[in-house]
Amino acid sequence: MIGLISATAAGTAARDRLAAAWPDRTRVYEGPVKEAVRAAFAECEQLVCFLATGAVVRLLAPLLAGKAADPGVVCVDEGGRFAVSLLGGHGGGANELAREVGAVLGAEPVVTTATDAVGLPGLDTLGLPYEGAVAAVSRALLDGEPVALAAEVAWPLPPLPLAPEGAYTIRVTDRDVVPGEREVLLRPPSLVVGVGASKGAPAEEVVGLVEAALREAGLSARSVAELATVHAKAAEPGIVAAAERFGVPLVTYSAGELAGVEVPHPSEAPLAAVGTPSVAEAAALLRGGELLVPKRKSDARPAMATCAVVRRPARGRLAVVGLGPGARDLLTPRAAAELRRASVLVGLDQYVDQIRDLLRPGTRVLQSGLGAEEERARTAVAQAREGHAVALIGSGDAGVYAMASPALAEASDDIDVVGVPGVTAALAAGAILGAPLGHDHVSISLSDLHTPWEVIERRVRAAAEADLVVTFYNPRSRGRDWQLPKALGILAAHREPATPVGVVRNASRPDESGRVTTLAALDPATVDMMTVVTVGNTATRIIAGRMVTPRGYRWQEEPK
């Protein structure tokens with residue numbers, strides 16, 4: 001919960017705007033400011049104070065307990081011009097909160113955390129447990145000193161300006177080791193612990209067994225991602241309590257699924273009890289990985305619990321990102337976040353140039369020219385399979401005539417894939433033209449480089465007969481100058497010469513141009529590959545110079 005505190009009329013007005021925008025996230029604290037701040041500090045994860053920073057510093061000083069415990073605090077000035085991340089920038093989430101508050105109130109976020117200020121991801125914000133000299137290693141990164149990456153376990157990380165060797169080290173490991181004095185340990189969630197237990201097995205026995213197995217194998221409990229068992233043990237109190245103790249989810253599988261896993265130590269006892277010759281080993285191994293700790297029993301007499309530990313393979317991450325039509329303000333916040341998260345960026349050279357300034361230092365860029373779509377898709381998937389966090393970019397929406405299709409045709413289930421939607425050229429052009437897509441519509445690419453013209457023509461004819469509004473992508477190039485006239489001729493056989501047609505070039509970009517004409521008046525020679533052509537249906541009208549397709553299923557009556 002976010003506590004909101006204000007003292008003046010202007011502050012209260014801004015406070016109420018934020019409360020209205022986030023009704024489920026915020027709680028307003030009324031009354032004397034000192035008491036309100038004290039109460040919110042004790043009860044909330046974050047605070048937004050509509051007060052001067054100096055006043056907030058004095059109010060907070062007696063309450064501070066430590067970096068790991070204090071909530072994040074953001075201050076908004078009297079004029080609503082700035083949202084200042086004052087306390088708990090990383091641990092308390094104040095840096096991100098300042099950006100969110102700024103977006104709601106139209107204020108400039110002020111973030112002074114050094115890594116955030118220069119675009120470096122904080123080592124304590126990567127979503128992984130960490131240990132060691134975070135401040136010293138972060139300072140070395142900021143100062144440009146060589147910091148090496150020792151990845152004992154491959155895991156997708158955001159970009160960092162790393163060197164092959166250095167006096168400072170970031171080590172990604174699931175081993176139970178002590179960090180060096182110039183080292184940060186990052187603990188990836190790479191370990192799966194399979195657990196079996198007899199009915200009524202005590203939680204302490206299960207926990208003690210898992211702790212002993214990890215300790216003797218030299219593995220860190222902070223890298224345990226989940227406990228896994230059979231469905232029949234999903235509610236076994238000892239197993240449930242053990243998962244809660246380690247702070248990880250309990251994942252269960254059917255006996256049939258587990259019975260299909262080849263294990264080194266099958267047993268008749270679990271087969272008779274729950275229908276599978278293995279629980280602990282099979283549950284740990286079901287999703288693949290390296291068996292680090294074979295099945296072992298607890299030391300109790302009789303033993304009521306078993307466990308096994310597997311290091312699962314690292315899963316790379318592929319984000320397929322749509323950049324929108326070109327204007328920076330039409331690039332979605334989610335897309336911008338994925339660009340900052342990716343350690344490897346793959347894309348067409350001209351698209352890379354559009355967003356290069358958004359990339360974090362250390363991002364590896366793999367770019368190529370027109371016509372290399374399949375190669376870029378293969379490269380992006382291969383990089384993800386090596387365990388990297390990859391962003392594959394395309395214009396508009398990556399799933400519309402862009403990179404999502406070839407990438408997902410190449411990818412298998414050994415990597416995580418995230419799709420990030422973008423504003424399409426058809427939508428950007430439609431907003432410029434008016435409301436041409438107000439009813440059923442279709443987009444058709446006129447490029448026959450990958451699709452035979454016979455197929456394209458059949459689709460255009462079907463759209464014409466169905467009276468759909470049609471948006472033509474890739475309408476005309478120097479080498480393809482006859483397809484657009486042919487497509488327009490097919491539509492003309494089903495629509496009046498006065499049917500409105502919208503022509504938009506470079507939608508949302510500085511040299512944007514758009515006009516509304518008619519099916520009879522459109523000159524195809526004025527169209528190129530940077531143009532989107534939208535042809536209305538029989539109900540589309542030109543109203544006040546704008547192209548409008550009625551949204552109802554009953555066509556609007558002609559004015560009398």
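A few points on the structure. (Residues numbered from 1 in each chain as written. Predicted model: local features only at pLDDT ≥ 70, side-chain atom pairs only at ≥ 80, totals over all residues. Heavy atoms only, no water.)

### Notes on the overall build of the protein
Okay, so step 1: Counting secondary structure elements, the protein contains 18 helices and 28 strands.
Okay, so step 2: Dimensions of the protein, computed from the C-alpha atoms along their principal axes, are close to 90 × 65 × 50 Å.
Okay, so step 3: The buried share among the 560 residues of the protein stands at 47%.
Okay, so step 4: Relative to all contacts within the protein whose residues are 6 or more apart in sequence, the contacts with residues 24 or more apart total 64%.
Okay, so step 5: For the protein, the exposed area adds up to about 26,100 Å²; of that, 53% sits on carbon and sulfur atoms.
Okay, so step 6: Averaging the locations of the 55 positively and 64 negatively charged side chains of the protein gives two centres separated by 2 Å. (Helix = DSSP H or I, 4+ residues; strand = E, 2+ residues; numbered from the N terminus. Buried < 20%, exposed > 50% of the residue type's maximum accessible area, 1.4 Å probe, protein only. Contact = heavy atoms within 4.5 Å. Areas by Shrake-Rupley, 256 points an atom, 1.4 Å probe, with all protein chains shown as cover. Lys, Arg positive; Asp, Glu negative; His and termini not counted. Charge placed at Lys NZ, Arg CZ, Asp CG, Glu CD.)

### Here's the deal with empty space enclosed by the protein
Over the atoms, a rolling probe the size of a water molecule traces out where space has been left empty.
Okay, so step 1: In total, this model carries 1 cavity of 30 Å³ or more according to the counting rule given.
Okay, so step 2: In this structure, the largest cavity occupies an estimated 40 Å³ of space.
Okay, so step 3: As for the largest cavity, its lining consists of Lys-34, Val-37, Arg-38, Leu-59 and Leu-63.
Okay, so step 4: The element best represented in the lining of the largest cavity is helix 2 (residues 33-43), accounting for 3 residues.
Okay, so step 5: Split by residue class, the lining of the largest cavity holds 3 nonpolar, no polar and 2 charged. (1 Å grid on protein atoms, 1.4 Å probe; cavity = no way out; pocket = protein on both sides within 12 Å on 5 of 7 lines; lining within 4 Å. Points joined across faces, edges and corners; volume = space filled by probe spheres on them. Nonpolar A, V, L, I, M, F, W, Y, C, P; charged D, E, K, R; others polar.)

### Observations concerning the side chain of Arg-312
Okay, so step 1: Along the chain, Arg-312 turns up in the loop between strand 15 (305-311) and strand 16 (317-322).
Okay, so step 2: One buried charge, Arg-312, has no salt-bridge partner; the nearest side chain with opposite charge is Glu-226, at 4.1 Å.
Okay, so step 3: Leave out the neighbours within four places in its chain, and Arg-312 touches Trp-155, Pro-189, Ser-190, Val-192, Ala-225, Glu-226, Arg-287, Gly-288 and Gly-289. (Salt bridge = Lys/Arg side-chain N within 4 Å of Asp/Glu carboxyl O.)

### Quick notes on the sheet that holds strand 20 (residues 416-420)
Okay, so step 1: An order of 18-17-19-16-20 is seen for the 5 strands of this open sheet, with the pairing classed as parallel. In the strand order of this sheet, the two ends are held by strand 18 (364-368) and strand 20, each with one partner. Across the sheet, the axes of successive neighbouring strands diverge by a mean angle of 15°, strand direction being ignored.
Okay, so step 2: Here 5 bridges tie strand 17 (residues 344-348) to strand 18, and the two strands are oriented parallel to one another. In the sheet register, Gly-347 faces strand 18, and the bridge partner there is Gln-367.
Okay, so step 3: Along the sheet, helix 12 (residues 333-341) contacts strand 16, strand 17, strand 19 (389-394) and strand 20; its crossing angle with strand 16, the most-contacted strand, is approximately 140°. (Pairing = 2+ DSSP bridges. Axes fitted to C-alpha atoms, helices over the stretch in contact; angles between N-to-C directions.)

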